[in-house]
Amino acid sequence: MRALLEILLSLLAVTGLLTLGWLCFGRLLRPMGGKEMVTLIPARGEGEELEQALSGLLWLRGAGFVQGQVILADVDLTAQGQALARILAEREPGVYLCSREALPQCLEALLEREPEDR
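What this report covers is the structure whose coordinates are included nearby. (Residues numbered from 1 in each chain as written. Predicted model: local features only at pLDDT ≥ 70, side-chain atom pairs only at ≥ 80, totals over all residues. Heavy atoms only, no water.)

In terms of burial, strand E2 (residues 67-77) is a largely internal element, eight of the 11 residues being buried. Summarising the sheet, strand E1 (residues 36-45) and E2 pair through 10 bridges and their orientation is parallel. Bridge pairing in E2 places Ala43 opposite Asp74. The parallel pair E1 and E2 is bridged by helix H2 (residues 50-62), and the resulting crossover is right-handed. Where E2 lies against strand E3 (residues 95-99), five bridges are found, and the strand directions are parallel. Each residue of the ladder has a partner; that of Asp74, found in E3, is Ser99. Read from E2 through helix H3 (residues 79-91) to E3, the crossover connection turns out right-handed. (Buried < 20%, exposed > 50% of the residue type's maximum accessible area, 1.4 Å probe, protein only. Helix = DSSP H or I, 4+ residues; strand = E, 2+ residues; numbered from the N terminus. Pairing = 2+ DSSP bridges. Right-handed = clockwise from strand over helix to strand, strands pointing away.)

And the structure:
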């Protein structure tokens, strides 16, 4: 019984240390000290890598490592790529799709918003 208790306490201690290490590591990797930022993802072709890049950013945002909006910039998307980018932008809050020509207006609109509106 004593050995079982020691094993459980050891596992609990290791889990606590791993969690503490994960939190400290996340703090070290947090860009700009956790301030809000706008991330631009250039979207090309059929958007093969678009969903992967966006899901990585959304994971970081969900974990609290970054804050802010994501702009999917339509650099040279095909019709299929535009459909995918539109679906991704509609599905996720804080994700916007902008054409190359409208990019300055998109950035300006995001920067003019009050922080609580973001």
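Additional details are given in the paragraphs that follow.
Remark: H2 packs on H3, axes separated minimally by 11 Å, with the N-to-C direction vectors making an angle of 15°. Considering the angle they form, H2 stands roughly parallel to H3. Once H2 is placed against H3, the crossing between them reads as right-handed. Together, Leu50, Glu51 and Leu54 of H2 and Leu84, Ala85, Leu88 and Arg91 of H3 make up the contact between the two elements. A class-by-class count of the residues in the contact of H2 with H3 yields five nonpolar, no polar and two charged. (Axes fitted to C-alpha atoms, helices over the stretch in contact; angles between N-to-C directions. Parallel < 35°, antiparallel > 145°, perpendicular 65-115°, else oblique. Left-handed = near helix turned anticlockwise from the far one by under 90°. Contact = heavy atoms within 4.5 Å. Nonpolar A, V, L, I, M, F, W, Y, C, P; charged D, E, K, R; others polar.)

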